[in-house]
Amino acid sequence: MNSETFNPPQRILMGPGPSDVHPRVLSALARPTVGHLDPAFSAMMEEVKGMLRQLFRTDNALTFPISGPGMTGMESCFVNLVEPGDKVIVCRNGVFGDRMQDIAKRCGGEVTVLDDAWGTPVDPQKLEDALKAQPGTKVVAFVHAETSTGVQSDAAALCKLASDHGALSIVDTVTSLGGIPVEVDGWGADAVYSGTQKCLSCPPGLSPVTFSPRAAEAVKARTTPAVSWFLDLGLVMGYWEGGGGKRAYHHTAPVNALYGLHESLKMILDEGLENSWARHAAMHATLKQGLEELGLSFLVDEAHRLPQLNAVNVPDGVDEAAVRSHALNAYGLEIGAGLGALAGKVWRIGLMGQSANERNIALCLRALKDGL
Ligand code: PLP
């Protein structure tokens, strides 16, 4: 059988991720592959770890990209911190909080789920009440930026409640990292994971993670082996730690994907992390004004809205899929559909990383206007 070389269409990515990838990152991906234990590669990995610490705003030694998408970061936090019988509280206000509780149960945790309505943030009072009612809780988990709804929760308050009650916090920053402030040390967060395809503007497939010394101690204190060999921190750190040729083989790192991450982190730090946050906020304000001029409204109250993920209510009587298809076919522009309970009810317009620019916004507003 003969197959053609695959040439993907040029798209403008304004969905919930992946976001537009800059040509600098694409060309980094195409650099010559070296061995994953090559000293030159190890030196680059050390730089990646250092730049991730700057993005996460942490001094955590245990900071590195897991070879796998955001879900591997989520699984890594739970499989390493939750042992059978451990008490876990999961705050659920969207699709990704729901996945967290599922994984915590698969790890054998005794899981309490705290629900908040989709489109609203996690309620710290409910968490405080639950922590008081469940003494000895080992882990509290929540999503900082819920991509399914476009809501931001108060990570500082939630992490503080967890640590005040002697629990470790697991925080999902897949959509927040690089787009809005993530302050791992400032929050006192313990196990934090992210993804590359959102505000880092890298192709999908890597999951930056960082673990506090307290979390690392909890991993060492386990009495049972982690249920995943690949994600067992004790094993994977032999590979990611050390540097200087002392690294032991664990798996073959996705060498070229890491070149891409290195370049995208460098681009964010060249721009300045605070400048990147400010750009996301400014682009959100521009999009908001244009959407309101079209008579469109947001799902989420302004106070809790994510600048980088805009959940926009589909007006009554509008075929939401037809509007998205029009944007794709007429403009090569991808916007996202609603997920889970919000399927058919909202569009999700991403302003993530390189996609957060004036030109994309103008095109998106034009596509929505004539689509409607
Ligand atoms: N957590 C959140 C908040 C997400 O938005 C996503 C992906 O959209 C994930 C986790 C999972 O990431 P991935 O699809 O890269 O596995």
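Residues numbered from 1 in each chain as written. Predicted model: local features only at pLDDT ≥ 70, side-chain atom pairs only at ≥ 80, totals over all residues. Heavy atoms only, no water.

1. A look at the overall build of the chain
Condition: Strands are runs of DSSP state E lasting at least two residues, helices are runs of H or I lasting at least four, and both sets are numbered from the N terminus onward. Only C-alpha atoms enter the radius of gyration, while the globule expectation follows 2.2 Å times N to the 0.38, with N the number of residues. Residue exposure (1.4 Å probe, protein chains only): buried if accessible area is under 20% of the type maximum, exposed if over 50%, otherwise partly exposed. When checking whether two residues touch, look at their non-hydrogen atoms; a contact exists if any pair is within 4.5 Å.
For the chain, the count of helices and strands is 13 helices and 13 strands. In summary, the chain has a C-alpha radius of gyration of 21 Å against a globular reference of 21 Å for 372 residues, a match within 12%. Its C-alpha atoms put the chain at 60 × 55 × 45 Å along the principal axes. Within the chain, buried positions represent 55% of all 372 residues. Contacts spanning at least 24 positions in sequence make up 72% of the contacts within the chain whose residues lie at least 6 apart.

2. What about the side chain of T58?
Convention followed: Within 3.5 Å is the distance limit for a polar contact, defined as a pair of N or O atoms, with the added protein rule that one can donate a hydrogen and the other accept it, and that residues adjacent in sequence qualify only through two side-chain atoms.
Within the fold, T58 resides in the loop between α2 (39-56) and β2 (62-66). On the accessibility criterion, T58 (5% relative accessible area) is buried. Polar contacts involving the side chain of T58 include one to the main-chain amide nitrogen of N60, which spans 2.9 Å. Apart from the residues within four sequence positions on either side, T58 is in contact with R53, T63, V184, D185 and T210.

3. Considerations on the environment of L233
By secondary structure assignment, the location of L233 is in helix α9 (residues 233-240). Looking at L233, the relative accessible area reads 3%, which means it is buried. Between the alpha carbons of L233 and K220 there is a distance of 9.3 Å; along the sequence they are 13 residues apart. Those residues in contact with L233 that sit more than four places away from it in its chain are L62, F64, N80, F211 and V219.

4. Side note on the site of the ligand
Test applied: In these notes, residues near a molecule or strand are those with any non-hydrogen atom within 4 Å of it. Residue exposure ignores everything except the shown protein chains as possible cover, and the areas themselves are Shrake-Rupley values with a 1.4 Å probe.
Taken together, P69, G70, M71, F96, V143, A145, T147, D172, V174, T175, Q197 and K198 are the residues near the ligand. Between the ligand and G70, the relevant distance is 2.8 Å, taken from an oxygen atom to a main-chain nitrogen or oxygen of the residue. Contact between the ligand and D172: a nitrogen atom at 2.6 Å from a side-chain N or O atom of the residue. For the ligand, whose unbound accessible area comes to 390 Å², protein coverage reaches 86%.

5. Here's the deal with the sheet that holds strand β5 (residues 139-143)
The following threshold applies: Only strands joined by at least two bridges in the DSSP assignment are considered to pair. Angles here are taken between N-to-C directions and fall from 0 to 180 degrees, while the axes themselves are lines fitted to C-alpha atoms, restricted in helices to the stretch in contact.
Sheet architecture is open: seven strands sit in the order β2-β10-β9-β8-β5-β3-β4, paired in mixed fashion. Every interior strand has two partners, whereas the edge strands, β2 and β4 (110-115), have only one. Mean inter-strand twist for the sheet, computed between neighbouring axes without regard to direction, equals 15°. Across the sheet, helix α8 (residues 213-220) touches β2, β8 (168-172) and β10 (207-211), and the angle it forms with β8 is around 110°.

6. Digging into the packing of helix α12 (residues 320-331) against helix α13 (residues 358-371)
Stated precisely, the cut-off is as follows: For classification purposes, an angle smaller than 35 degrees is called roughly parallel, one larger than 145 roughly antiparallel, one from 65 to 115 roughly perpendicular, and anything else oblique. The hand of a helix crossing depends on one turn: near helix anticlockwise from the far one by less than a right angle means left-handed, and clockwise means right-handed.
As a packed pair, α12 and α13 sit with axes 9 Å apart at the nearest point and diverge in direction by 125°. With respect to α13, the axis of α12 lies oblique. Two packed elements cross with a definite hand, and for α12 against α13 that hand is right-handed. Residues V323, H326, A327 and Y331 of α12 pack against L363, R366, A367, L368, D370 and G371 of α13.

7. Remarks on helix α6 (residues 155-164)
Side chains that are three or four residues apart share a direction in an α-helix, a result of its 3.6 residues per turn. Heads up, the rule is: Comment: arc refers to directions from the helix axis out to C-beta atoms.
Every buried residue belonging to α6 is among A155, L158, C159, L161 and A162, and all of these are buried. One face of α6 carries all of its buried residues, which in axial projection span an arc of 155°. Next to the buried residues of α6 lie α5 (124-133), β5, β8 and α7 (184-187). Where α6 terminates, the next one or two residues include G166, which has phi positive at roughly 75°.

8. Section: the state of the cysteines
Rules: Cysteine sulfur pairs qualify as disulfides if the two atoms are within 2.5 Å.
For the coordinates displayed, the defined rule picks out zero disulfides. Cysteine C199 shares no disulfide, and the gap to the nearest cysteine sulfur, in C202, comes to 12 Å. Owing to a relative accessible area of 2%, C199 belongs among the buried residues under this scheme.

9. Quick notes on the packing of aromatic side chains
Which entries qualify depends on this criterion: When two rings of Phe, Tyr or Trp (its six-membered ring) have centres within 6.5 Å they constitute a pair, described as stacked for plane angles under 30 degrees, edge-to-face for angles over 60, and tilted for the intermediate range. Criterion for a charge above a ring: Lys NZ or Arg CZ within 6 Å of the ring centre, and within 35 degrees of the ring normal.
For the structure shown, the criterion picks out zero aromatic pairs. Of note, R305 hangs over the ring of F298, and the distance from its end group to the ring centre comes to 4.0 Å.

10. Here we look at the nonpolar core
Considering soluble globular proteins, one finds that nonpolar side chains tend to be buried as a cluster. So the rule is basically this: Definition used in this section: a nonpolar core is a set of buried Ala, Val, Leu, Ile, Met, Phe, Trp, Tyr and Cys residues joined via side-chain atoms within 4.5 Å.
Ranked by internal contacts, the top residues of the largest apolar core, which has 82 residues, are F41, F64, F78, L81, M100, L127 and I170. The leading source of residues in this core is α2, at eight residues. Counting residues in hydrophobic clusters, the runner-up holds 23 residues, among them M14, V323, I349 and I361.

11. Focus on the pattern of salt bridges
Rules: Take a side-chain nitrogen of Lys or Arg and a carboxyl oxygen of Asp or Glu: if they are within 4 Å of each other, that pair is a salt bridge.
By the definition in use, this model includes 21 salt bridges. In this structure, R57 and E183 form a salt bridge, with 3.8 Å as the shortest nitrogen-oxygen distance. In this pair, R57 is assigned in the loop between α2 and β2 and E183 in the loop between β8 and α7, connecting sequence segments 126 residues apart. Classification of R57 by relative accessible area gives partly exposed; the value is 28%. Assessed through its relative accessible area of 25%, E183 is described here as partly exposed. Residue D370 pairs with R366 through a salt bridge whose shortest N-O separation is 4.0 Å. Taken as a pair, D370 and R366 lie in helix α13 at a separation of four residues, close to a single helical turn. According to the relative accessible area criterion, D370 is partly exposed, its value standing at 40%. Among the ionic contacts, a cluster of salt bridges with common partners joins R24, R31, E263, K266 and D270.

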